[in-house]
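Single-letter residue listing:
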Amino acid sequence: MDIRFEGAGVSYGARVALAPVTLQLTEKRIGIIGLNGSGKTTFARLINGLTKPSIGRVIVNGRDTADAKAILTDVGFIFQSPQNQIILPVVRDDIAFGLKSHGYKPAEIAAKVEAVLQRFSAAHLADRRAHELSGGELQLAALCSVLATGPDILILDEPTNQLDLKNRSLVQRLVEGLPESAIVISHDLELVADYERVLVFHEGNLIADAPAGEAISRYREIASR
Amino acid sequence: MSTRDLVLSALFAAIIVALGILPPITLGFIPVPITAQSMGVMMAGVVLGARRGMVAVLIVWVLVAIGLPVLSGGRGGLAAFAAPTTGFLIGWLFAAFTTGYLSERLVKAEQSGLVQTVGFFLSAMIGGIVVLYAFGIGYLALVSGVNLEQAFVGSMAFVPGDVAKAFVAALVGRAVMVGYPLLPVRA
Amino acid sequence: MKSLFVEGNSRMHRVSARAKLLVLAALGVMLFLTANLMLLGLAVLATAAIYFSIGLPARSALARLKPIFLTILIVALFSLAFNPWHVAVVALLRLTALMLFAAAVTATTAIAQFIDEITLLARPLERLGLLRADDVGLAVGLVVRFVPEILDRYRAIREAHAARGLKVRPTTVLVPLIILTLRDADNIAAAIDARGVRRHVN
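Each chain has its residues counted from 1, running along the sequence as written. Naming scheme: in the order in which they are written, chains are lettered from A and ligands are numbered from 1. For a predicted model such as this one, the threshold for reporting local features is a pLDDT of at least 70, and the threshold for listing and counting side-chain atom pairs is 80 or more; totals across whole chains, interfaces and linings nevertheless cover every residue.

A. Seen up close, the interface of chain C and chain B. Taken residue by residue, the interface counts 60 residues in chain C and 53 residues in chain B. Under the scheme used here, helices are H or I runs from DSSP no shorter than 4 residues and strands are E runs no shorter than 2 residues, and both carry numbers assigned from the N terminus. Those elements that place two or more of their residues in the side of chain C that touches chain B are helix H4 (58-82), helix H5 (85-108), helix H6 (111-127), helix H7 (135-163) and helix H8 (170-194) of chain C. Here the element with the most residues in the side of chain C that touches chain B is H8 of chain C; it accounts for 16 residues. Each residue receives one of three labels: charged for Asp, Glu, Lys and Arg, nonpolar for Ala, Val, Leu, Ile, Met, Phe, Trp, Tyr, Cys and Pro, and polar for the others, Gly being one of them. Here the side of chain C that touches chain B is composed, by residue class, of 46 nonpolar, eight polar and six charged. Working definition of a contact: two residues with C-beta atoms, positioned from the backbone, lying within 7 Å.

B. How the structure looks around unusual backbone geometry. Residue and element names in this part refer to chain A. For Asn-61, which is not glycine, the phi torsion reads 45° and is therefore positive. Locating Asn-61 in the fold gives a position in the loop between strand E4 (55-60) and strand E5 (63-64). Buried means a residue has 20 or more other C-beta atoms within 10 Å of its own C-beta, exposed means 12 or fewer, and partly exposed covers the counts in between; C-beta atoms are placed from the backbone. You can call Asn-61 partly exposed: it has 15 C-beta atoms within 10 Å. Even without a glycine there, the phi angle at Ser-121 is positive, about 50°. By the secondary structure assignment, Ser-121 is in the loop between helix H4 (106-119) and helix H5 (135-147).

C. Main features of the sheet that holds strand E8 (residues 181-185) of chain A. All names here are of chain A. If you walk across this open sheet you meet the six strands as E6-E7-E8-E3-E9-E10, and the pairing is mixed. The two strands at the open ends of the sheet, each matched to only one other strand, are strand E6 (75-78) and strand E10 (205-210). Taken pair by pair, the neighbouring strands of this sheet meet at an average axis angle of 15°, ignoring direction. With five bridges connecting them, strand E9 (residues 197-202) and E10 associate as antiparallel partners. Bridged to His-202 within E10 is Asn-205. Pairing between strands requires that DSSP locate at least two bridges from one strand to the other. Axes here mean lines fitted to C-alpha atoms, for a helix over just the part in contact, with angles spanning 0 to 180 degrees between N-to-C directions.

D. Fine view of the arrangement of the chains. The interface with the most contacts, out of two pairs of chains in contact, is the one formed by chains B and C. Nowhere do chain A and chain B come into contact; their C-alpha atoms are at least 10 Å apart.

This is the structure in structure tokens:
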């Protein structure tokens, strides 16, 4: 994985959501923490092109996010809200839909759906209706849908925020075991506590970029002011 | 159409479907319970505007056509397009569009709440009654062996209920605009 | 939400969706080209024969037609009061035959088949830049996915009313229902865009 921010920042009119940032991300596990409104989600959304930089640019695996739709095949994104990510009634169809949109043929789609369900031991969810699933099950299904198309970078935006303790541990274990590179935004500091690199945002600025221990101390300092 | 607009239209189509599933509601000032689904069509116009309101109805048409029982009373399927009242179903599209079109132009942020509500009410009446009934009555006369005059007279009984719906749709439109404005404002 | 499709192996089931739709359209035209009571009567018999041969138990077969047939009957009776009986009967027969065949097509054609046909019809419009053909399947999926959530939300709002001793009025229920539902649109749209599902859209 090679993500480069080259003076990339985001403003909405006069409001600066993210001050220009220059850095390079290559680590396997990267945490992003900060208070609400600190710019951490804006930062994350620059990586998969959901948000375009108002200034500077972001290069992911050699491609500029501003013009590449192809970024989306490399970068998967898991959102906070479990319900709003499964967009079709039955889990299996939801996983298949993403694959269909990427141009796979029916036989390949069926194979890839089975493969990703096996991978996450989620076969029991395949034919369930999304409406009947718990938050944890929905996040699991979302992981299947997003990873089915094979991105090698996964961004998770507060994946455990709306989950109870049991489901939180489940998702934590899942993220730990991912062979893909993971960038995790989290209020739940435990989730990122042993990451090799954690970025701390505050009021639109990157104020710390260090291994987890140091970064979290800095964050606590800021948060308690 | 942007993804957001598509999702807004689809979610409103889902609201229209839900209104068909929920039991008829009683408004304080009318003794007979009314089905809220046609009110949903007016609300699509006042809340989402012309284009998205129209797409919401289009999506409902597709749902009916493919065999889902989404019309109130559990009706659905192609047979729903073969009834004498099908003109009203067809008219929904033009009703939502007209209501949205007028709402976008009549209602402005600077107006008082009362003026905005009146604007929405007029839009809902013109779209949800005048335009809708034009299609409903026209189709009825075309396929059912009654002439225009008879179709017109026969349909008038439903107007008071629809005026009440337009009123509610206007109140809802205004309140939604205050809480979560979505209406595109055009000169 | 249960669809009106019924599994089976009748002749109608085996005919392609496209053929059935074309026949339905042709039937619609032909029924309105003639006012001959004999022909129209035969049409009703023929379409009824088809409808009752597809494998639906008689009770549910009739139940499906009830609301629509009731409307046809009421309009015919209304017409009878003001027009020559011939006119009313012609209309009754036409609409009944059309209803029967339409219901037969619906009961013997799966949703996926319909969506395929509609998507195909929509492709030329795609070239005109009016819409994206695949959006049809997505839109249908989104509605079926979120209707149960909306119904849950409605119940929750009603319960909140009850807990506060408030009377349930259309405005106090519909407004939060609409706002809460539409607020989700941004998140859902972001999830869709992040998965690259509508790839040709900005």
